[in-house]
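Coordinates in review
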Amino acid sequence: GDGELSSDLSYSETTYRLGVEWDWAEDNLLYATFENGYRAGGVDLSIVSPTYDPEYIDAFTIGSKNRFFDNTLQINAELFLWEYEGQQVTYFTTLQGASAFPIANADATIQGLDLDMIWAATSDTTIGLNLQFLDATYDKLELVSDPGRGRFGCASNGVSGGIESYDCSGQDLLYSPDFGADLSLNHVLHLGSYDLSLTAMVSHRAEQQTNFVFLDATEAESYTTVNLDATLLESDGGWSISAFVRNATDEQFLINTNINNRGLTYGIYNPPQSYGLRLLANF
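By convention here, each chain's residues receive numbers from 1 onward along its written sequence. Residues qualify for local features only when their pLDDT is at least 70, as the model is predicted, and side-chain atom pairs are given and counted only at 80 or more; totals for whole chains, interfaces and linings, by contrast, use all residues. Heavy atoms from the whole structure form the basis of all side-chain values; hydrogens and water molecules are not counted.

Glancing now at the overall build of the protein. Counting from the N terminus, the helices are the DSSP runs of H or I reaching at least four residues and the strands are the DSSP runs of E reaching at least two. A count of helices and strands for the protein gives zero helices and 22 strands. When its C-alpha atoms are laid out on the principal axes, the protein stretches across 80 × 45 × 40 Å. By definition, residues are in contact when any of their heavy atoms lie within 4.5 Å. Contacts spanning at least 24 positions in sequence make up 56% of the contacts within the protein whose residues lie at least 6 apart. Surface accessibility follows the Shrake-Rupley procedure with a 1.4 Å probe radius. Residue values consider only the protein chains on display as shielding. A total of about 16700 Å² of accessible surface is found on the protein, and carbon and sulfur atoms cover 54% of it. Charge counting treats Lys and Arg as positive and Asp and Glu as negative, with His and both chain ends excluded. For the purpose of locating charges, the reference atoms are NZ of Lys, CZ of Arg, CG of Asp and CD of Glu. Across the protein, 11 positive and 40 negative side-chain charges occur, with their mean positions spaced 6 Å apart.

Following this line, the structure appears as structure tokens:
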């Protein structure tokens, strides 16, 4: 109703990937890679930033893949460093008294270590373990809102042009716990012409932020979940029946949060304990 905004934008970028691998033994190798990525800028329906800049990433990886003890033990490790420049971040705020979803360009660093292990302890027992140590931080992030309406847990930079900005540099990336672990155990029982496969998985995640407002109310606490499976199947694979329990300990944790333009906080939690049966038939 107040006219139109026209932008003529053009972006281009050449991306590439380099990698080296050294097989230092028959069942062991080392590798290193570098690659960069790119996402074009564009037009946004925002009165504050009607256009946003491109996003760039440089990704460094060093790792090793190994098998030991006649291929019964597999251990993989990977160090990674991702450096974002202009990462495109969409967040909820209020501008001119109305709900808005502007796109900000942020700089971020993501680095960590992944460890994976699979061990065939016996011919019928397999143990799996995954560990991740993560440091994911916004090196530069500025968010905006109507003056006095910001819900961000970040320092205010003051008001300019009727808009208040907030410096959220140093905050963690969303859904980026600094530690995560998965432990699984599978054992197969042989019952005549049938096999019974029993599986248990325990997963743990440290606390993590779920919303760009960066408040205590939007931070998910650390949690540990347990999943159980039992599958009975014919040895020839004709049919199987499975019983499962998800979130066996009925753990409760936030998976998403938001704050509306009146400042009310709400959260969405994970599914509660659930269980069921599955029947599979091949014909």
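The discussion continues.
In this description, strands pair whenever DSSP reports at least two bridges between them. The sheet built from 11 strands is open, its strands ordered β1-β2-β5-β6-β9-β10-β14-β15-β18-β19-β22 with antiparallel pairing. This sheet does not close on itself; its edge strands, each paired only once, are β1 (17-25) and β22 (274-281). When the angles between neighbouring strand axes are averaged without regard to direction, this sheet yields 10 degrees. Pairing between strand β19 (residues 239-246) and β22: eight bridges, direction antiparallel. The partner of valine 245 across the bridge, within β22, is tyrosine 275. Between N-to-C directions, angles span 0 to 180 degrees; the directions come from axes that are lines fitted to C-alpha atoms, helices contributing only their stretch in contact.

With respect to the helices, strands and loops of the structure, glutamate 13 is situated in the segment before β1. Look past the residues within four positions of glutamate 13 in its chain and what remains in contact with it is Tyr38 and Tyr56.

When the sulfur atoms of two cysteines come within 2.5 Å, that pair is taken as a disulfide. Summed over all chains, the structure comprises one disulfide. Here cysteine 154 pairs with cysteine 168 through a disulfide, and the sulfurs are 2.1 Å apart. Where cysteine 154 bonds to cysteine 168 through sulfur, the torsion about that S-S bond is close to 105 degrees, and the disulfide is right-handed. Separated by 14 residues along the polypeptide, cysteine 154 in the loop between β11 (142-145) and β12 (155-160) and cysteine 168 in the loop between β13 (163-167) and β14 (179-191) bring together distant segments of the chain. Only protein chains enter the calculation, and the probe is 1.4 Å; a residue is then buried if its accessible area is under 20% of its type maximum, exposed if over 50%, and partly exposed in between. Judged by its relative accessible area of 0%, cysteine 168 is buried.

For sheets, the rule is that strands pair by backbone hydrogen bonds, running either parallel or antiparallel. An order of β11-β13-β12 is seen for the three strands of this open sheet, with the pairing classed as antiparallel. Of all strands in the sheet, those bounded by a partner on one side alone are β11 and β12. Across the sheet, the axes of successive neighbouring strands diverge by a mean angle of 25 degrees, strand direction being ignored. When β11 meets β13, the two strands line up antiparallel, connected through four bridges. Across the sheet, leucine 143 pairs through a bridge with tyrosine 166, a residue of β13.

Relative to the helices and strands, glycine 263 resides in the loop between β20 (254-259) and β21 (265-269). Spatially, the C-alpha atoms of glycine 263 and arginine 149 are 8.3 Å apart, while their sequence positions differ by 114 residues.

Below, the discussion takes up the nonpolar core. In these notes, a set of buried Ala, Val, Leu, Ile, Met, Phe, Trp, Tyr and Cys residues joined through side-chain atoms within 4.5 Å is what counts as a nonpolar core. In this structure, Tyr138, Leu141, Leu143, Phe212 and Phe214 are the most contacted members of the largest nonpolar core, which totals 28 residues. Secondary-structure elements contributing two or more residues to this core are β6 (73-90), β9 (103-120), β10 (125-140), β11 and β13. Phenylalanine 212 has contacts with Val89, Thr90, Tyr91, Tyr138, Leu143, Phe152 and Leu174, leaving out every residue within four places of it along the chain.

The next subject is the layout of surface pockets. Roughly 230 Å³ of volume is contained in the largest pocket. Taken together, 16 residues form the lining of the largest pocket, with Asp172, Glu207, Gln208, Gln209 and Glu219 sitting closest to its centre. Where the lining of the largest pocket is concerned, the elements lending two or more residues are β10 and β16 (208-209). In terms of residue count, the dominant contributor to the lining of the largest pocket is β10 (three residues). Amino acids outside the nonpolar list (Ala, Val, Leu, Ile, Met, Phe, Trp, Tyr, Cys, Pro) and the charged list (Asp, Glu, Lys, Arg) are all regarded as polar, and Gly is one of them. Residue classes in the lining of the largest pocket are distributed as six nonpolar, four polar and six charged. Grid points spaced at 1 Å and placed over the protein atoms alone form the basis of the search, with a cavity being a set where a 1.4 Å probe fits but cannot get out and a pocket an open set showing protein on both sides within 12 Å along at least five of seven lines. Lining residues have an atom within 4 Å of a point. Grid points are joined across faces, edges and corners, and a volume is the space filled by probe spheres set on the points. When its volume is computed, the second largest pocket comes out at roughly 190 Å³. As for the second largest pocket, its lining consists of Val48, Ser49, Tyr91, Pro102, Ile103, Ala104, Asn105, Glu142 and Val144. With three residues, β9 is the single largest residue contributor to the lining of the second largest pocket. Here the residues of the lining of the second largest pocket are counted per class, giving six nonpolar, two polar and one charged.

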